[in-house]
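Summary of structural features
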Amino acid sequence: MPVDPQLRNLDIEIPTQPEVLVKLSLLMAEEDIDLQAMSSLVEDDMALAAAVMKAVNSSLYGLRGRVQTVQQALTYLGMREVAAITFEMGLRAAFPAAAELEAVWARASQRGLLMGRMGQMLGVDPWASHSAGLFEECGKAVLYRHAPAHYPAMLRAATRDAELVELEKTAFGVSHDALGAALCESWGLNPAAVASVRHHVEIQSTLTMPETLARRSVAAISTVAWALMNHADQVDDIAAQIAPQAQLDETLVLRAARRVNEQLQAAQEHGR
């Protein structure tokens, strides 16, 4: 999809999607996904395969034995999560390695996993949910690459994303949520994932869905995942406010959130 012309006028470059991720997207869109083709696609890119293996063997997944191949990862974790890890590594590789972005990528891993598994439990497209979690903060990487001398100071100065958005608009005329959505569109992500990325800061700040937001389920899952990661003591209240706005059952949303959170905590304990 084309990037918004208004963003093009700002002279902020949106990185193109790596060819391996284009091919992966095509595989994921097939009705019957060829796991062998997916495995071969990842393993043919040695740097990408190494990054995927490192991520799969991290404490986030808590696997009992060390995974040596992409095929093994597919067996243990399943197609969607391996594809999502591949997307995450491809996304990271599109930007310069930077210590200031490590926290962004770490949150992306956790949030994507939370959202994908919650989506699966709630009958909401798990691939779109996982993708939205991975890409939610990617606009920060776009701005870091655009202004590496100035943007880190903004990241340090802002205590909340709503505050960061205002600093970004003043400095660049655009904020990371809009840039993240533009990147999602240009990489052909699901429209529900694009909408979640575009509106996540506003929804987290107000706990109110924009009236114009048509695709709401992924955005609701995003908000609950954010609450789990940042305001665990408020998850019940936040879910109670946000779930009905997306026509989701509050009780089921909370049950899914707690179950997935317990899974990740157990995996991390096992991985230590």
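Below is a short write-up of the structure. (Residues numbered from 1 in each chain as written. Predicted model: local features only at pLDDT ≥ 70, side-chain atom pairs only at ≥ 80, totals over all residues. Heavy atoms only, no water.)

Remarks on the overall build of the chain
Quick reminder of the rule: Strands here are runs of E lasting at least two residues and helices are runs of H or I lasting at least four, both read from the DSSP assignment and numbered beginning at the N terminus. The size measure is the radius of gyration over C-alpha atoms, and the globule rule it meets is 2.2 Å times the number of residues to the 0.38 power. Each accessible area is a Shrake-Rupley estimate made with a 1.4 Å probe; only the visible protein chains count as cover when residues are assessed. Just so you know, the count uses Lys and Arg for positive and Asp and Glu for negative, and it drops His and the chain ends. The atom standing in for a charge is NZ when the residue is Lys, CZ when it is Arg, CG when it is Asp and CD when it is Glu.
If you tally the helices and strands in the chain, you get 16 helices and zero strands. Against the compact-globule benchmark of 19 Å for 272 residues, the chain has a radius of gyration of 18 Å, which places it among compact chains. Each principal axis of the C-alpha atoms in the chain carries an extent, and together these give about 50 × 45 × 40 Å. Carbon and sulfur atoms make up 49% of the accessible area of the chain, which totals about 12700 Å². Distance between charge centroids for the chain: 4 Å, based on 22 positive and 33 negative side chains.

A few points about the packing of helix α2 (residues 19-29) against helix α3 (residues 35-43)
Selection criterion: To get an axis, a line is fitted to the C-alpha atoms, and for a helix only the part in contact is used. The angle between two axes follows their N-to-C directions and goes from 0 to 180 degrees. Angles are sorted into four bins: roughly parallel if under 35 degrees, roughly antiparallel if over 145, roughly perpendicular if 65 to 115, and oblique for all others. Here, residues are in contact when the closest pair of their heavy atoms is within 4.5 Å. The classification used treats Ala, Val, Leu, Ile, Met, Phe, Trp, Tyr, Cys and Pro as nonpolar, Asp, Glu, Lys and Arg as charged, and all other residues, Gly among them, as polar.
Two elements in contact, α2 and α3, have axes whose closest approach is 10 Å; the angle formed by their N-to-C orientations is 170 degrees. Comparing their axes, α3 and α2 come out roughly antiparallel. When α2 is examined against α3, the residues Val20, Lys23, Leu24, Leu27 and Met28 are found in contact with a partner set consisting of Ala37, Met38 and Leu41. When its residues are assigned to classes, the contact of α2 with α3 shows seven nonpolar, no polar and one charged.

Brief notes about the pattern of salt bridges
Which entries qualify depends on this criterion: Should a side-chain nitrogen of Lys or Arg be within 4 Å of a carboxyl oxygen of Asp or Glu, the pair is scored as a salt bridge. Each residue's exposure class comes from its accessible area (1.4 Å probe, protein chains only) as a fraction of the maximum for that residue type: buried when under 20%, exposed when over 50%, partly exposed otherwise.
Per the stated rule, a full pass over the model turns up eleven salt bridges. Across the salt bridge formed by Glu13 and Arg145, the nearest N and O atoms sit 3.8 Å from each other. Of this pair, Glu13 sits in the loop between α1 (5-8) and α2 while Arg145 sits in helix α9 (residues 138-146), and the two are 132 residues apart along the sequence. Looking at Glu13, the relative accessible area reads 56%, which means it is exposed. Residues Glu137 and Lys140 are paired through a salt bridge, measuring 2.5 Å at the closest nitrogen-oxygen approach. The same class applies to Glu137 as to Lys140, namely buried. Counted as one network, the salt bridges with shared partners bring together Arg107, Arg111, Glu136, Glu137, Lys140 and Asp161.

Description of the layout of surface pockets
Rules: In this analysis a 1.4 Å probe is tested at points of a 1 Å grid over the protein atoms alone, and where it fits but cannot get out there is a cavity; an open set with protein on both sides within 12 Å along at least five of seven lines is a pocket; lining residues have an atom within 4 Å of a point. Grid points are joined across faces, edges and corners, and a volume is the space filled by probe spheres set on the points.
By volume, the largest pocket is sized at about 560 Å³. Residue assignment for the lining of the largest pocket shows that the elements contributing at least two residues are α7 (102-122), α11 (161-172), α13 (191-206) and α14 (217-230). Of the residues in the lining of the largest pocket, the class split is eleven nonpolar, seven polar and eight charged. In this structure, the second largest pocket spans a volume of roughly 370 Å³.

Details of the packing of aromatic side chains
Put simply, the test is: Any two of the Phe, Tyr and Trp rings considered here, Trp counted by its six-membered ring, make a pair once their centres fall within 6.5 Å; the pair's planes then place it as stacked at under 30 degrees, edge-to-face at over 60, or tilted in between.
Inspection of the entire model under this criterion finds five aromatic pairs. Note on Phe135 and Trp187: the rings are 5.7 Å apart at their centroids and 80 degrees apart in plane angle, and the pair reads as edge-to-face. Highlighted residues: Phe135 in helix α8 (residues 126-135) and Trp187 in the loop between α12 (176-186) and α13, separated in sequence by 52 residues. Taking relative accessible area as the criterion, Phe135 reaches 1% and is therefore assigned buried. Members of the aromatic cluster, joined through ring pairs, are Phe87, Trp127, Phe135 and Trp187.

A few points about unusual backbone geometry
The backbone phi angle of Leu207 is positive, close to 55 degrees, even though this residue is not glycine. Mapping Leu207 onto the fold places it in the loop between α13 and α14. For Leu207, a relative accessible area of 14% puts it in the buried group. Residue Gln247 is not a glycine yet carries a positive backbone phi of 55 degrees. With respect to the helices, strands and loops of the structure, Gln247 is situated in the loop between α15 (235-242) and α16 (250-271).

Comments concerning the packing of α3 against helix α5 (residues 70-77)
Filter applied, for reference: Left-handed is the label given to a crossing in which the near helix is rotated counterclockwise from the far helix by less than a right angle, and right-handed is the label when the rotation is clockwise.
For the pair α3 and α5, interaxial distance at closest approach is 9 Å and the crossing angle is 130 degrees. The pairing of α3 with α5 is recorded here as oblique in orientation. In this structure, α3 crosses over α5, and the sense of that crossing is right-handed. Here Leu35, Gln36, Met38, Ser39, Val42 and Glu43 of α3 come into contact with α5, specifically with Val70, Gln71 and Leu74.

Some words on a negative patch on the surface
Under the convention used in this document: Nonpolar side chains (Val, Leu, Ile, Met, Phe, Trp, Tyr) are joined into patches within 5 Å and like charges within 9 Å, using only residues with over 30% relative accessible area and no salt bridge.
On the surface, Glu30, Glu31, Asp32 and Asp34 cluster together to form a negatively charged patch. Turning to its location among the elements, Glu30 is positioned in the loop between α2 and α3. For Glu30, a relative accessible area of 38% translates into the label partly exposed.

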